[in-house]
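Close look at the chain arrangement
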Amino acid sequence: MNVDKRLISKALELKPQDRFYLIELLVRSLDKPDPEIDEIWLKEAEARLKAHREGKTKGIPAEEVVGESV
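Residues numbered from 1 in each chain as written. Predicted model: local features only at pLDDT ≥ 70, side-chain atom pairs only at ≥ 80, totals over all residues. Heavy atoms only, no water.

On to the overall build of the chain. Helix and strand content of the chain: four helices and zero strands. Along its sequence from the N terminus, the chain presents helices and strands in the succession α-α-α-α. The C-alpha atoms of the chain give 22 Å as radius of gyration, which overshoots the globular expectation for 70 residues (11 Å, by more than 25%). Over its C-alpha atoms, taken along the principal directions, the chain stretches across nearly 60 × 35 × 20 Å. When each of the 70 residues of the chain is scored for burial, the buried share is 1%. (Helix = DSSP H or I, 4+ residues; strand = E, 2+ residues; numbered from the N terminus. Rg over C-alpha atoms; globule rule 2.2 N^0.38 Å. Buried < 20%, exposed > 50% of the residue type's maximum accessible area, 1.4 Å probe, protein only.)

This is the structure in structure tokens:
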């Protein structure tokens, strides 16, 4: 990894809220939406909803999924 140690040192000198903001910006820069993947997931979600509405699948109560009463 070729990160400038001065940059890291400066970042660590920031106030906690400023460090949090910096982290948030960095994470967001890595998590860019991909329209192609979004379209694939949309089609999958629509297919699953259709199958459920047609009675081809059976729902599972939330209590069974999370193991507690919701």
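Glancing now at helix α3 (residues 35-53). Helix length check: α3, at 19 residues, gives a terminal C-alpha distance of 27 Å against a target of 27 Å (1.5 Å per residue), a fit within 8%. Looking one or two places after α3, you find glycine 55, whose phi comes out positive at around 80°. (Expected span 1.5 Å × (residues − 1).)

The subject of this paragraph is the confidence of the model for the chain. Counting all residues, the mean pLDDT for the chain is 91, and 96% of those residues have values of 70 or more. Mean pLDDT values over the elements of the chain span from 89, in helix α4 (residues 62-66), up to 96, in α3. (pLDDT = per-residue confidence, 0-100.)

Here helix α1 (residues 5-13) lies mainly on the outside; zero of its nine residues are buried. If you check the start of α1, you find a side-chain oxygen 2.8 Å away from the backbone N of arginine 6, and it comes from aspartate 4. (Polar contact = N/O pair within 3.5 Å; in protein donor to acceptor, adjacent residues only side chain to side chain.)

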